[in-house]
Amino acid sequence: MSLKQQQYINGKWVGAISGNTRDIINPFNAEVIATVPESDETDAKVAIAAARAVFDKGEWSSTPATERGTIVRKIAELIERDKEELARLESLDTGKTVEESRGDMDDIAGVFRYYADLADKDGGELIDSPVPNSISKVVREPVGVCGQITPWNYPLLQASWKLAPALATGNTLIMKPSEITPLTTIKVFELMEEAGVPAGVANLVLGAGNTVGAELTSNMDVDLISFTGGIFTGKKIMQAASVNVKKLALELGGKNPNIIFADADFETAVDQALNGVFFHAGQICSAGTRLIVEESIHDEFVNALVERVKKFKLGSGFDEDTQMGPLISAEHLAKVEKYVETGMKEGATLAVGGRRPEEPELQSGFFFLPTIFTDCTTDMSIVQNEAFGPVMTVEKFRTEEEAMKLANDSIYGLAGGVWTNDIVKAERCVAKMRMGTVWINDFNLYFPHAPWGGFKQSGIGRELGRLGIEEYTETKHIFQNLKPEPINWF
Ligand SMILES: NC(=O)c1ccc[n+]([C@@H]2O[C@H](COP(=O)([O-])OP(=O)(O)OC[C@H]3O[C@@H](n4cnc5c(N)ncnc54)[C@H](O)[C@@H]3O)[C@@H](O)[C@H]2O)c1
Ligand SMILES: C[N+](C)(C)CC=O
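A quick note: this is a predicted structure, and the numbers were derived from the prediction, not measured. (Residues numbered from 1 in each chain as written. Chains lettered and ligands numbered in written order. Predicted model: local features only at pLDDT ≥ 70, side-chain atom pairs only at ≥ 80, totals over all residues. Heavy atoms only, no water.)

Draft legend 1. Just the packing of helix 9 (residues 266–278) against helix 10 (residues 295–309), in detail. Two elements in contact, helix 9 and helix 10, have axes whose closest approach is 10 Å; the angle formed by their N-to-C orientations is 55°. Between helix 9 and helix 10, the crossing angle belongs to the class labelled oblique. For the pair helix 9 and helix 10, the sense of crossing is right-handed. Where helix 9 approaches helix 10, its residues Phe266, Ala269, Val270, Asp271, Ala273, Leu274 and Phe278 are matched on the opposing element by Glu300, Phe301, Ala304, Leu305, Arg308 and Val309. Of the residues in the contact of helix 9 with helix 10, the class split is ten nonpolar, no polar and three charged. (Axes fitted to C-alpha atoms, helices over the stretch in contact; angles between N-to-C directions. Helix = DSSP H or I, 4+ residues; strand = E, 2+ residues; numbered from the N terminus. Parallel < 35°, antiparallel > 145°, perpendicular 65-115°, else oblique. Left-handed = near helix turned anticlockwise from the far one by under 90°. Contact = heavy atoms within 4.5 Å. Nonpolar A, V, L, I, M, F, W, Y, C, P; charged D, E, K, R; others polar.)

Draft legend 2. Summary view of the pairing of strand 8 (residues 172–176). Of all five residues making up strand 8, five are buried, and the element is well covered by its neighbours. Direction of pairing for strand 7 (residues 145–149) relative to strand 8: parallel, over a ladder of five bridges. Directly across from Ile149, in strand 8, lies its bridge partner Lys176. For the handedness criterion, the β-α-β arrangement of strand 7, helix 5 (residues 155–168) and strand 8 is classed as right-handed. (Buried < 20%, exposed > 50% of the residue type's maximum accessible area, 1.4 Å probe, protein only. Pairing = 2+ DSSP bridges. Right-handed = clockwise from strand over helix to strand, strands pointing away.)

Draft legend 3. Spatial organisation of the side chain of Ser329. Mapped onto the elements, Ser329 comes out in the loop between helix 10 and helix 11 (330–345). Accessibility expressed as a relative area gives 16% for Ser329, which makes it buried. Of note is the side chain of Ser329, whose polar atom sits 3.0 Å from the backbone nitrogen of His332. (Polar contact = N/O pair within 3.5 Å; in protein donor to acceptor, adjacent residues only side chain to side chain.)

Draft legend 4. Geometry of the site of ligand 1. Neighbouring residues of ligand 1: 28 residues in total, closest Thr150, Glu179, Thr233, Leu252 and Glu386. In this structure, Thr150 approaches ligand 1 through a main-chain N or O atom, which is 2.8 Å from an oxygen atom. Between Gly230 and ligand 1, the recorded distance is 2.9 Å, taken from a backbone N or O atom to an oxygen atom. About the coverage of ligand 1: the protein hides 88% of its 860 Å² of free accessible area. Only helix 7 (209–218), strand 10 (224–228) and helix 8 (231–241) provide two or more residues apiece to the shell around ligand 1. The residue inventory of the shell around ligand 1, partitioned by class, reads twelve nonpolar, eleven polar and five charged. (Near = heavy atom within 4 Å. Areas by Shrake-Rupley, 256 points an atom, 1.4 Å probe, with all protein chains shown as cover.)

Draft legend 5. How the structure looks around the pairing of strand 13 (residues 290–294). The element strand 13 is extensively covered by neighbouring structure, given that five of its five residues are classed as buried. Burial of strand 13 is two-sided: the residues Arg290, Ile292 and Glu294 facing one way and the residues Leu291 and Val293 facing the other way are all buried. Pairing of strand 12 (residues 257–260) with strand 13, which is carried by four bridges, proceeds in the parallel orientation. The partner of Ile260 across the bridge, within strand 13, is Val293. Following the chain from strand 12 across helix 9 to the adjacent parallel strand 13, one finds a crossover that is right-handed. Pairing between strand 13 and strand 16 (residues 391–397): five bridges, direction parallel. Of the residues in strand 16, the one forming a bridge with Arg290 is Thr393.

Draft legend 6. Local environment of a nonpolar patch on the surface. On the surface, Leu126, Ile135 and Leu482 cluster together into a nonpolar patch covering about 290 Å² of accessible area. Residue classification places Ile135 among the partly exposed residues on the basis of a relative accessible area of 32%. (Patch = residues over 30% accessible without salt bridge, like charges linked within 9 Å, V, L, I, M, F, W, Y side chains within 5 Å. Salt bridge = Lys/Arg side-chain N within 4 Å of Asp/Glu carboxyl O.)

Draft legend 7. Looking closely at the UniProt feature "domain: Aldehyde dehydrogenase" (unreviewed entry) in the protein chain. According to UniProt, the feature "domain: Aldehyde dehydrogenase" (unreviewed entry) maps to residues 13–478 in the numbering used here. Secondary structure over residues 13–478 splits into 40% helix and 20% strand, and the C-alpha atoms at its two ends are 41 Å apart. (UniProt positions renumbered as here; feature names shortened; annotations may be inferred.)

Draft legend 8. Here's a closer look at the sheet that holds strand 18 (residues 415–419). Across the sheet, which stays open at both edges, the seven strands sit in the order 14-15-16-13-12-18-19 with mixed pairing between neighbours. Only two strands of the sheet have a single neighbouring strand rather than two, namely strand 14 (349–352) and strand 19 (437–440). Pairwise comparison of adjacent strand axes, ignoring direction, gives a mean angle of 20° for this sheet.

Draft legend 9. Molecular detail of the site of ligand 2. Taken together, Asn153, Tyr154, Leu157, Gln158, Trp161, Ile284, Cys285, Ser286, Tyr446 and Trp452 make up the full set of residues adjacent to ligand 2. Cys285 places a polar main-chain atom, nitrogen or oxygen, 2.7 Å from an oxygen atom of ligand 2. When ligand 2 is considered free in solution it has 250 Å² of accessible area, and contact with the protein chains removes 98% of it. Broken down by class, the residue content of the shell around ligand 2 amounts to seven nonpolar, three polar and no charged.

Draft legend 10. Just the sheet that holds strand 22 (residues 473–481), in detail. Spatial ordering of the open sheet is given by 5-6-22, a layout of three strands whose pairing is antiparallel. Edge positions in the sheet fall to strand 5 (125–127) and strand 22, since each of these pairs with one other strand and no more. On average, adjacent strands in this sheet sit at an angle of 25° to one another, irrespective of strand direction. Sheet topology note: the strand 6 (residues 134–142)/strand 22 ladder contains nine bridges and is antiparallel. By the bridge assignment, Ile135 is partnered in strand 22 with Gln480.

What follows is the structure in structure tokens.
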């Protein structure tokens with residue numbers, strides 16, 4: 001592996017101050033694929049101090065936005081140049097198929113390009129001042145020092161949603177990737193250095209959430225935290241970030257409804273319902289794990305799902321015929337097993353899966369069979385809680401009103417889908433669905449131009465789109481009096 005197995009602080013590739021390291025594990029066979037620094041609060045403090053000093057010096061934030069855009073565009077070009085290497089590294093680290101990782105790399109380059117193009121498009125706003133002889137204008141400035149914390153399921157994709165807008169707008173940053181999947185983020189920091197991001201602007205610190213992450217979220221010199229991860233961690237971060245009232249962007253979990261009306265195109269809906277849940281072994285925040293099917297087609301629909309699921313090919317992400325890889329870790333596999341046990345205890349019917357596969361070649365990896373539970377009801381914890389694994393629950397409905405009630409019966413509000421050939425019905429449903437993204441006759445689609453984020457406890461703020469860049473700016477109103485004179489009040 002040509003990758004530097006180090007972290008990047010103030011323009012230098014370094015190990016942890018303590019000298020500690022962590023082995024990175026291949027989820028397909030549990031083998032060690034890399035050994036990286038395992039930093040703690042001390043290293044995080046050094047990186048924060050560097051980012052603070054560089055921001056306060058002001059050279060990066062006052063670099064013309066066009067120039068910053070050129071650097072961000074260069075990063076996109078380098079990602080495209082090294083796409084195959086990055087894709088293989090992502091698959092090695094996460095277990096996802098290489099084909100999937102190639103798609104991620106295209107998306108990631110697209111995100112850097114999108115924000116490169118937006119970098120110099122904000123010329124501020126002139127307000128029609130109600131005060132005679134005055135000028136009123138609004139400008140956007142960088143927030144300052146940004147702490148960015150990412151999860152393991154889409155390591156580089158989630159990093160790109162944070163890195164690109166932060167750099168384009170002139171912030172400095174410290175990124176902490178998930179401690180179990182840091183490899184492609186390290187690689188992209190190499191590419192950012194090559195693209196000309198100045199020393200101290202973008203810093204990478206590797207380590208655990210309760211050390212490096214906790215320092216980022218509670219340090220007084222960090223102005224903004226952008227976090228993608230679980231709801232439990234998100235709540236902790238909200239509390240920690242209150243120390244200096246940091247700006248906060250939270251992209252949390254989801255328990256996303258996928259509603260199938262009887263008039264939907266049957267074959268397409270079956271196919272996409274499967275994709276919506278089992279892609280990347282269900283380890284997707286927006287996975288359509290709560291399938292809600294109209295009663296008249298329920299049995300036929302479930303049978304069709306089960307027949308297809310039985311034929312899924314599990315295996316190495318590097319084999320061309322693999323459709324589903326392993327879960328990320330032994331710990332996560334144990335959580336998914338527990339979740340399925342709970343489903344059985346709660347009285348759901350196991351239609352397929354529910355256990356580890358038996359093939360000898362899958363025994364060293366963290367594999368779990370695609371699983372479908374039927375006879376589910378909203379009071380079950382498996383319908384309310386995120387499995388973050390290959391588990392679908394199926395509920396039935398009779399009326400549109402009932403479908404909407406089931407869809408919204410969740411603390412989450414990340415995404416949802418509705419399948420019907422009646423566009424008026426679809427629009428009525430969309431208007432009622434309390435989620436940040438709703439798909440009509442599609443599922444799990446995202447692109448850089450449209451915002452991403454959740455209603456309710458799925459988060460705060462938005463990534464992607466114009467809103468995704470606004471998160472990294474502060475808005476300043478500037479008022480100039482063109483004819484100052486005494487007020488004579490006192
Ligand atoms: N909304 C989205 O766009 C989106 C995208 C991807 C993943 N997710 C969610 O992420 C979750 C899965 O990811 P995960 O298991 O890595 O989540 P996680 O919350 O366990 O960890 C996410 C990151 O937070 C760090 N962390 C943990 N404790 C911390 C603390 N006390 N302070 C600061 N940082 C801390 C971790 O080290 C990791 O880098 C799922 O719930 C999924 O839905 C959401
Ligand atoms: C945001 N997304 C869909 C790319 C990954 C969620 O886990």
